[in-house]
Amino acid sequence: MTEIADTLVQRITDADTAIFLAVNGSHAHFWDVFMTCVSNPLVWVPMYVALVYVLISNYSYRSVLMCALAVCALILITDAFSSNVIRPFVGRLRPSNLNNPLSDVVHIVDGHRGGRFGFPSAHSGNAWAVAFFVAYLFRKRVLTWFLCAWALLVCYSRLYLGVHYPGDLLGGLVLAVVGATLVYWVFAKVSREEPKPELRHVYIPIIVGMLTIMILFVVSLCR
């Protein structure tokens, strides 16, 4: 039984590494710039502001305040808890870490290698947490699909930049699903806020997000 488990773990690890190398190995200057921008959380601030605007336009100030507290709690789970508790406990080196034998073949952009450990990915956790919490809160399919596509793009950028394995991103996704579900359940119980069938300005975050991506393309072409 132990041998079977070891073989299964090794196959999963090999597949994880193979997928990582396939993505990280396909690089060009344009994508170096573009993926670096995508991976920068500050780039997405306008989209976050647009989401807050939708929230303020449709919910009471009390609900907005409670939602802000819920999001802070969610970030503590997907970012602070994952980085300070889970990562040191698991101890999985990033592929880009110089102590990892794989680092010799990893394509690094602008010398950025990230921290020491990479499981789970905080970028993945944070992005998917936003996607799932907004999905629970707004219940708008088009916005949910857009945010899921955005989260996938953020995850892909982490693979491309060589700082995470696919397994790290999957770990962040699982943590985000659990965290977003738990936090939203508490938020719904405390606020007693029901999902609204009609929402104003729901397309604004999508428009802002798409414009951001278009700007990143232009910037990447010009650099």
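Refer to the structure above for everything that follows.
Residues numbered from 1 in each chain as written. Predicted model: local features only at pLDDT ≥ 70, side-chain atom pairs only at ≥ 80, totals over all residues. Heavy atoms only, no water.

1. Concerning the state of the cysteines
By the definition in use, this model includes 0 disulfides. No disulfide involves cysteine 37; its sulfur sits 12 Å from that of cysteine 222, the nearest cysteine. Its relative accessible area of 66% is what places cysteine 222 among the exposed residues. (Disulfide = S-S within 2.5 Å. Buried < 20%, exposed > 50% of the residue type's maximum accessible area, 1.4 Å probe, protein only.)

2. Things to note about the pattern of salt bridges
Taken as a whole and assessed by the stated rule, the structure comprises 2 salt bridges. As a salt-bridge pair, arginine 92 and aspartate 16 come within 2.7 Å of each other at their nearest N and O atoms. Residue arginine 92 is found in the loop between α4 (61-90) and α5 (122-138), and its partner aspartate 16 is found in helix α1 (residues 2-24); the two are separated by 76 residues along the sequence. Looking at arginine 92, the relative accessible area reads 22%, which means it is partly exposed. Relative accessible area serves as the criterion here: at 10%, aspartate 16 is assigned to the buried category. The salt bridge partner of aspartate 168 is arginine 92, with a shortest N-O separation of 3.2 Å. Separated by 76 residues along the polypeptide, aspartate 168 in helix α7 (residues 166-191) and arginine 92 in the loop between α4 and α5 bring together distant segments of the chain. (Salt bridge = Lys/Arg side-chain N within 4 Å of Asp/Glu carboxyl O. Helix = DSSP H or I, 4+ residues; strand = E, 2+ residues; numbered from the N terminus.)

3. Considerations on unusual backbone geometry
Following phenylalanine 119, the chain continues into proline 120 via a peptide bond in cis, with omega recorded as -5°. Its location among the elements puts proline 120 in the loop between α4 and α5. Positive phi, normally seen in glycine, also occurs at histidine 201, with a value near 65°. Mapping histidine 201 onto the fold places it in the loop between α7 and α8 (204-222).

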